[in-house]
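Notes for the structure review
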Amino acid sequence: MKQIYSLLVTGLLLLLSFPAKADTTFVARGNPLIDYKYTADPGAMVYDGKVYIYAGHDECPPPKEHYLINEWLVFSSPDMKTWTEHAVPLKAKDFSWASGEAWASQVIERDDKFYWYVTVEHKNRGKAIGVAVADSPIGPFKDARGSALITNEMTGQTPKMMWDDIDPTVYIDDNGQAYLYWGNVQCYYAKLKENMIELDGPIRKVDLPAFTEAPWIHKRGDWYYLSYASGFPEKIGYAMSKSIEGPWEYKGILNELAGNCNTNHQAIIEFNGDWYFIYHNGAINTAGGSFRRSVCIDRLYYNPDGTMKRIQMTSEGIF
Ligand code: FUB
């Protein structure tokens, strides 16, 4: 009996002394960037000389065909070639008011804190947007409010519109004013307070041709760009403006259909003077598709007038 007890105690001590699942490092070999698990809805951030990609973890086992996304993942790289996957930083159920579904998200830094805007399922109330906060870009993140930032009721759509409050993107303008854009079928935006966890004014609408979802705001020079998933299956379209609040002028298609995947969800970043288009497709053989997606990266180029050249999706990626 004494021996069994001491074995149990030794086992427990061993378990506790084991480090949390180790980081995984890999070298990019082209597209898809991550080939050992399914990753979707990339939100990307450049911070302190590194690129961070935050992605949903598609886990739907074939032959089932639906979204099964319980957690988000984070990857970092100092050169976009050698990548590290860190411990799982956030799960949908880390928001006590959410029942699951880790849909699209974006992280942004303000005053050395990292704010992660996410889509989740609000228990019996449709999709909602939450915000988590951390002191490090790789977490640990925790719910910053204890309640949803955007609920289905706030956008005043009919009860049938249970999916319109998804896909947050956040941008801090040059004067320090932060904006949250989001939406499905209808694109919305609102100002955020400096604390980044409360709205600062009314919710407004932006009307864009064939808007489906996945807005992403970026700026280059004095042009603001609002790219978004358009139609279904999705292409990525975009509009430009001289002000973050519009008016937005539609400029056409930025990316074509992503092969066998209905969605395309993009993030756009500048890193070391070059621009990158980060998106997902369904290219992992043989089970890849609309519900087992894979993050990819290709280069993004501009025309002299500031418009963006159409993305050339490649297997080789950016090297
Ligand atoms: O991953 C679930 C949903 O699919 C996202 O929220 C949309 O952007 C689409 O990619």
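Scroll up to find the structure this text is about.
Residues numbered from 1 in each chain as written. Predicted model: local features only at pLDDT ≥ 70, side-chain atom pairs only at ≥ 80, totals over all residues. Heavy atoms only, no water.

As for the overall build of the chain
Within the chain one finds 1 helix and 22 strands. Expected size for 319 residues packed as a compact globule is a radius of gyration near 20 Å; at 20 Å, the chain falls within 12% of this value. Each of the three principal axes of the chain carries a C-alpha extent, and together these read 80 × 45 × 40 Å. When burial is assessed residue by residue, the chain has 55% of its 319 residues classed as buried. Working note: accessible area of the chain is about 14,500 Å², and carbon and sulfur atoms make up 54% of it. (Helix = DSSP H or I, 4+ residues; strand = E, 2+ residues; numbered from the N terminus. Rg over C-alpha atoms; globule rule 2.2 N^0.38 Å. Buried < 20%, exposed > 50% of the residue type's maximum accessible area, 1.4 Å probe, protein only. Areas by Shrake-Rupley, 256 points an atom, 1.4 Å probe, with all protein chains shown as cover.)

Thoughts on the site of the ligand
The ligand sits among Asp41, Tyr67, Ile69, Trp103, Ala104, Asp167, Glu213, Thr263, His265, His280 and Arg293. Residue His265 places a side-chain N or O atom 2.7 Å away from an oxygen atom belonging to the ligand. Considered on its own, the ligand offers 280 Å² of accessible surface; in the complex 99% of this is hidden by protein. Of the residues that constitute the shell around the ligand, the class distribution is 4 nonpolar, 3 polar and 4 charged. (Near = heavy atom within 4 Å. Polar contact = N/O pair within 3.5 Å; in protein donor to acceptor, adjacent residues only side chain to side chain. Nonpolar A, V, L, I, M, F, W, Y, C, P; charged D, E, K, R; others polar.)

Describing the sheet that holds strand E18 (residues 235-241)
Adjacent strands of a sheet form backbone hydrogen bonds with each other and so pair up, either parallel or antiparallel. Ordered by their spatial adjacency, 4 strands build an open sheet running E16-E17-E18-E19, and the pairing between neighbours is antiparallel. Of all strands in the sheet, those bounded by a partner on one side alone are strand E16 (211-220) and strand E19 (249-255). Each strand axis lies, on average, 25 degrees off the axis of its neighbour in the sheet, ignoring direction. Alignment of strand E17 (residues 223-230) against E18, held across 7 bridges, turns out to be antiparallel. Bridged to Tyr225 within E18 is Met240. (Pairing = 2+ DSSP bridges. Axes fitted to C-alpha atoms, helices over the stretch in contact; angles between N-to-C directions.)

So, the nonpolar core
Counting 36 residues, the largest nonpolar core has Ile53, Trp83, Leu254, Ile278 and Leu300 as its most contacted members. Discounting chain neighbours no more than four positions away, the residues touching Ile53 are Leu33, Pro42, Gly43, Ala44, Leu73, Val74, Phe75, Trp83, Ile278, Val295 and Ile297. Residues Val74, Ala92, Ala128 and Ile166 belong to the second largest nonpolar core, which totals 24 residues. (Core = buried A, V, L, I, M, F, W, Y, C linked by side-chain atoms within 4.5 Å. Contact = heavy atoms within 4.5 Å.)

Description of the pairing of strand E8 (residues 105-110)
Taken across its 6 residues, E8 has 5 buried, putting it largely inside the fold. Bridging between E8 and strand E9 (residues 113-122) involves 6 bridges; their strand directions are antiparallel. Bridging from a neighbouring strand, Val107 pairs with Trp116 of E9. What sits between E8 and E9 in their antiparallel hairpin is a turn of 2 residues, with Asp111 showing a positive phi close to 50 degrees.

None of this, on its own, says anything about what the molecule does.
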